[in-house]
Amino acid sequence: MKPGQSYGNVEIEAIVEEIKLMNRYLSKTVVNLRPSGIRRYFDIAATMADVVTLGIGEPDFVTPSRIVAAGQQSLSDGHTGYTSNAGIYELRLGIANLIEKRYGLRYAPENEVLVTVGVSEALFLALKVLLDPGDEVLVVEPCFVANPALVETAGGIPVMAPTSAANDFQVTGDALEARITTRTKAILLSYPSNPTGAILTREHLLQVAAVAEARDLVVISDEIYERLVYDAEHINFATLPGMRERTIVLSGMSKSYAMTGWRIGYVTAPRDFTEAMYKIHQYLIMSAPTMGQHAALEAVRHGEDDVEMMRQSYDRRRRLIVDGFNRLGLTCFEPRGAFYAFPSIANTGMDDETFCEELLETERLALIPGRAFGASGRGFVRASYATGEDTIREALRRLERFLVSRGVIAPSAEAMLSP
Ligand SMILES: Cc1ncc(COP(=O)(O)O)c(C=O)c1O
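Right, let's walk through the structure included here. This one's a predicted model, so the numbers in the text were calculated from it and none came from an experiment. (Residues numbered from 1 in each chain as written. Predicted model: local features only at pLDDT ≥ 70, side-chain atom pairs only at ≥ 80, totals over all residues.)

**Regarding the overall build of the protein chain**
From N to C terminus, the protein chain includes 15 helices and 14 strands. Taking 419 residues into account, the globule formula puts the C-alpha radius of gyration at 22 Å, and the protein chain, at 22 Å, falls close to it. Principal axes of the C-alpha set define a box for the protein chain whose edges measure 65 × 50 × 50 Å. Classification of the 419 residues of the protein chain by burial places 46% in the buried group. Considering only contacts within the protein chain whose residues lie at least 6 apart along the sequence, 73% involve residues at least 24 apart. (Helix = DSSP H or I, 4+ residues; strand = E, 2+ residues; numbered from the N terminus. Rg over C-alpha atoms; globule rule 2.2 N^0.38 Å. Buried ≥ 20, exposed ≤ 12 C-beta atoms within 10 Å, placed from the backbone. Contact = placed C-beta atoms within 7 Å.)

So this is what it looks like as structure tokens:
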């Protein structure tokens, strides 16, 4: 849209003037915050009929019934008030026990575990307690859209550290070193990765740890997809030598237990960090949703079989979608975690935004352009496979039709037979 153009009946200049007038009240931080590149596609898709979407980054499972029942029971039992600010003690204990069992790390439920409103709140708190205005955070990308936005919201400056498909989306010690200044405070990592599905090898984890140690940086490790790994083992960053004391690990119930709407996440970190985060949390939130905490308690105590059932199902869909992309000539890095595939669209001759817009318009298939997750995502698209196998097959059919229509691939025998 250019000045002078009209949008409906409204002149663009008038809209721009109105925005400027409103913005005079708002902080520069908020005015400068870019809208999420993901939302736009959902908004467009929502206006269309018969859309197939691989855009949504949340489980298609409903929360397992025993966990739902625990949440419902808590209401019937009259647990409708606030809880202790840091979260119900039994839940903090359950989280500490689960982490000890899985990783051999012990956190004190009294002051090293904090229950939050999803990893979203935990991430903001972690950044807010570390950053003074102008401090820098190394943000490994492509990454979750909130990462740079929340660094800015917390007063800091995100310094993006790119990764590439050629290097299996592994961040290297050198890439981090090259971006360190006197203002660098922390490294923000998120593996298994949204959007690439990459996990970090031990060798690369050790490189990150070495930089953190040498440069005295804090590591914020968002491990929300820790339970969703395939033919691989998840390594909790704090288990690396010397890292427990300088790492804030974030995780939660949303993805592993299909509990996005219950809004429960948690932080495990040395008490200096958790107590600082607690200071803000008690003013901002009081306590995470009470019903959600009771449901989460059931999940950490008895949810293992449910997690494993969902993980195996994602694994089947992962193979289906990755094979499909590769068969259609869109080279797809093999994701080892989370529920996203991140194929390259380099051979289509289109940029990722045009590709997604035209695909949505002509085939009503919603994927997300890689650039929404950072500059190094250009030339890729994100496809979530947290959806039924039939939906994935239909998505691949539509994609094939699109690629044939653009002359990227020749029609396959199957495609020619189908109407
Ligand atoms: C990497 C990552 N971190 C955090 C979140 C937000 O999680 P929560 O629902 O716990 O706030 C998401 C959601 O998509 C994510 O992909």
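**Brief notes about the pairing of strand 9 (residues 247-252)**
With 6 of 6 residues buried, strand 9 is to be regarded as a mostly interior element. Of the two faces of strand 9, the one holding Thr247, Val249 and Ser251 and the one holding Ile248, Leu250 and Gly252 are both buried throughout. Alignment of strand 8 (residues 218-222) against strand 9, held across 4 bridges, turns out to be parallel. Bridge pairing in strand 9 places Val219 opposite Thr247. As judged from the 4 bridges shared by strand 9 and strand 10 (residues 265-268), these two strands associate in the antiparallel manner. By the bridge assignment, Val249 is partnered in strand 10 with Thr268. (Pairing = 2+ DSSP bridges.)

**Details of the nonpolar core**
Counting residues in each nonpolar core, the largest one holds 120 residues, and the members touching the most others are Ala126, Leu127, Ile187, Val208, Val219 and Leu250. By residue number, the principal contributor to this core is helix 6 (residues 118-130), which donates 9 residues. Residue contributions to this core reach at least three from each of two domains, namely domain 1 (26-62 + 306-406) and domain 2 (69-302). Excluding residues that lie within four positions of it along the chain, Ala126 makes contacts with Ile220, Ile248, Leu250, Val267 and Met277. (Core = buried A, V, L, I, M, F, W, Y, C linked by C-beta atoms within 7 Å. Domains from an automatic or database assignment.)

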